[in-house]
Amino acid sequence: MTKRDTRFHEGSLNLKVLQSGIFGPKTNVTVDFYVSEIGPEEGTDDEIALLRENLQRGAILKIWKENGMQPDDIGFVGDIDENFTRDFLLALQTCDVPQLRPGQDCLKPKIYSWSLIFEMTPECPIDRRMWHHPDIIIGECIDTIGDSDLHKPGLRTFAYKNTTLGTRLPG
């Protein structure tokens, strides 16, 4: 395997472009590097996958909070190859979307999407699987951004080394 060059390092033109205000004058842009090396001593393959996901979620929440995310902001979570169309994102800015209204109970605060899975190229879709990403959620319903007394962090199905991982339970 060949090591890839880091494109968004401190002082790089790529990072300067991302942080130049192209996402709006009040939007902080952070590029962080995540190492996903978790040793086999950490558990089974399923446990490691859930641990990795939990660590990634924690890192995202920390950066959102550091960048000043507010309860009325919108969070977008997706991998680099998971995205909404430009038209859909523009519609979110102008349309009344029930999941993104302020003052809700946070029981269903997310816009879920489904996407096709491709094997290395859009010319090779896999017709037997779909994927649940990307997601969009209002800030007031995000752990550590909204009112934690009003909206407690969700319980999940799987406990691992004093953490809560896995699929969120109802309620």
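Values in this document were obtained by computation on a predicted structure and should not be read as measured data. (Residues numbered from 1 in each chain as written. Predicted model: local features only at pLDDT ≥ 70, side-chain atom pairs only at ≥ 80, totals over all residues. Heavy atoms only, no water.)

K.L.:
What is the right way to look at the side chain of Glu140 in this model?
P.N.:
By the secondary structure assignment, Glu140 is in the loop between strand E5 (135-138) and strand E6 (156-160). Salt bridges are absent for the buried Glu140, whose nearest opposite-charge side chain, Arg101, sits at 11 Å. (Helix = DSSP H or I, 4+ residues; strand = E, 2+ residues; numbered from the N terminus. Buried < 20%, exposed > 50% of the residue type's maximum accessible area, 1.4 Å probe, protein only. Lys, Arg positive; Asp, Glu negative; His and termini not counted. Salt bridge = Lys/Arg side-chain N within 4 Å of Asp/Glu carboxyl O.)

K.L.:
Got a minute to help me understand the pattern of salt bridges in this structure?
P.N.:
Where charged atoms from two side chains of opposite charge come close, those side chains can pair. All chains considered together, the criterion is met by three salt bridges. A salt bridge links Asp96 to Arg101, with the shortest nitrogen-to-oxygen separation between them at 2.7 Å. Note on Asp96: relative accessible area 56%, which makes it exposed. For Arg101, a relative accessible area of 40% corresponds to the partly exposed category. Residues Lys110 and Asp135 are paired through a salt bridge, measuring 3.3 Å at the closest nitrogen-oxygen approach. Here the residue Lys110 occupies a position in strand E2 (residues 110-111), and Asp135 occupies one in strand E5, the gap between them amounting to 25 residues. Look at Asp135 and you get buried, because its relative accessible area is 7%.

K.L.:
In this structure, what is going on with the state of the cysteines? I would like to understand it.
P.N.:
Defined simply, a disulfide is a covalent bond joining two cysteines at their sulfur atoms. Applying the stated rule across the entire model yields one disulfide. With its sulfur 1.9 Å from that of its partner, Cys106 forms a disulfide with Cys141. Taking the sign of the S-S torsion, -75° for the link of Cys106 and Cys141, the bridge is left-handed. Here Cys141 lies in the loop between E5 and E6 and Cys106 lies in the loop between helix H3 (86-94) and E2, a separation of 35 residues in the sequence. (Disulfide = S-S within 2.5 Å.)

K.L.:
What am I meant to see in the nonpolar core here?
P.N.:
Most often, soluble globular proteins have nonpolar side chains that are buried together. In terms of nonpolar packing, the biggest core is built from 15 residues, with Trp64, Leu92, Leu100, Ile111, Ile136 and Ile142 touching the most fellow members. Of all elements in the fold, only helix H2 (45-66) and E5 reach the threshold of two or more residues within this core. Of all the elements, E5 adds the most residues to this core, at three residues. When residues no more than four places from it in sequence are discounted, the contact partners of Ile142 are Leu61, Trp64, Met69, Gly75 and Ile137. (Core = buried A, V, L, I, M, F, W, Y, C linked by side-chain atoms within 4.5 Å. Contact = heavy atoms within 4.5 Å.)

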